[in-house]
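Structural overview for review
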Amino acid sequence: MSETNPSARDPHAHEYPMPAEIPVTDNVGATDLGLKTQIVRFIITGALSGIVDFGLTVLLMRLGMGHTPAKAVGFICGTTTAYLINRRWTFQAPPSTARFIAVAVLYAVTFVVQVGLFDVMFTALPEGILYTFIAYCVAQGTATVINFVVQRVVIFNIK
């Protein structure tokens with residue numbers, strides 16, 4: 001066995017690079033959290049990710065980027081933040097290529113839903129930061145519900 005080849009030491013080692021990890025807890029997958037705890041953690045994570053998403057969206061719009069591309073960039077950065085924290089802290093799931101692919105597909109679907117709703121509302125509402133925030137909240141709220149249900153019921157039950 002070669003000491004430089006991780007697969008030689010661990011037959012369960014992944015051959016493909018895994019997404020970046022955030023060391024939120026050392027007990028990944030060690031406990032089975034209840035629904036209430038998962039909802040609270042999902043909301044806290046969502047709030048932090050929402051700050052990343054909305055803050056970046058508004059910043060890019062103020063720098064001259066159109067509202068739809070700005071929202072797309074904000075969404076990608078916000079959902080990446082959410083995935084990294086939720087996988088480790090909220091759902092305490094071990095790394096999995098299948099799970100990562102499933103999350104990417106889910107985020108692609110919610111990307112279309114969220115950016116589409118934001119565009120419709122942004123266009124329909126009067127201009128102003130309050131109306132931008134309302135459009136953001138409706139789009140984000142819809143995507144959040146979809147994400148939590150699919151992640152809890154399907155994705156983080158992938159073994």
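Residues numbered from 1 in each chain as written. Predicted model: local features only at pLDDT ≥ 70, side-chain atom pairs only at ≥ 80, totals over all residues. Heavy atoms only, no water.

Turning to the overall build of the protein, a few remarks are in order. On a plain count of helices and strands, the protein comes out with five helices and zero strands. Written out in order from the N terminus, the α and β elements of the protein read α-α-α-α-α. Counting the 159 residues in the protein, one finds 33% classified as buried. The contacts of the protein with a sequence gap of at least 6 include a subset with a gap of at least 24, amounting to 75%. Carbon and sulfur atoms provide 69% of the accessible area of the protein, an area that totals close to 9200 Å². (Helix = DSSP H or I, 4+ residues; strand = E, 2+ residues; numbered from the N terminus. Buried < 20%, exposed > 50% of the residue type's maximum accessible area, 1.4 Å probe, protein only. Contact = heavy atoms within 4.5 Å. Areas by Shrake-Rupley, 256 points an atom, 1.4 Å probe, with all protein chains shown as cover.)

The next point concerns the packing of helix α4 (residues 97-124) against helix α5 (residues 129-153). For the pair α4 and α5, the least separation of the axes is 8 Å and the interaxial angle reads 160 degrees. With respect to their mutual orientation, α4 and α5 come out roughly antiparallel. Crossing of α4 against α5: the hand is right-handed. (Axes fitted to C-alpha atoms, helices over the stretch in contact; angles between N-to-C directions. Parallel < 35°, antiparallel > 145°, perpendicular 65-115°, else oblique. Left-handed = near helix turned anticlockwise from the far one by under 90°.)

Under the definition given, this model contains one salt bridge. One salt bridge in this structure joins K71 and D53, with 2.8 Å as the shortest N-O distance. With a gap of 18 residues between them, K71 in helix α3 (residues 67-90) and D53 in helix α2 (residues 35-62) connect regions that are remote in the sequence. The same class applies to K71 as to D53, namely buried. (Salt bridge = Lys/Arg side-chain N within 4 Å of Asp/Glu carboxyl O.)

A separate point is the packing of aromatic side chains. Per the counting criterion, the structure on display carries nine aromatic pairs. Between F54 and F133, the ring centres sit 5.4 Å apart and the planes meet at 75 degrees, which makes this aromatic pair edge-to-face. Taken together, the positions of F54 in helix α2 and F133 in helix α5 put the pair 79 residues apart, joining distant regions of the chain. Looking at F54, the relative accessible area reads 18%, which means it is buried. Pairing F75 with F111 gives two aromatic rings, centres 5.2 Å apart and planes at 65 degrees, and the pair type is edge-to-face. Taken together, the residues F75 in helix α3 and F111 in helix α4 connect sequence positions 36 residues apart. The exposure class assigned to F75 is buried, which follows from its relative accessible area of 3%. What links up through ring pairs into an aromatic cluster is the set F42, F91, F148 and F156. (Phe/Tyr/Trp six-rings, centres within 6.5 Å; stacked < 30°, edge-to-face > 60°.)

A few words now on α5. For α5, spanning 25 residues, the distance from its first C-alpha to its last is 35 Å, which sits close to the expected 36 Å at 1.5 Å a residue. Among all positions in α5, only T132, A135, Y136, A139, Q140, A143, N147, F148 and Q151 are buried. Contacts from the buried residues of α5 go to α2, α3 and α4. (Expected span 1.5 Å × (residues − 1).)

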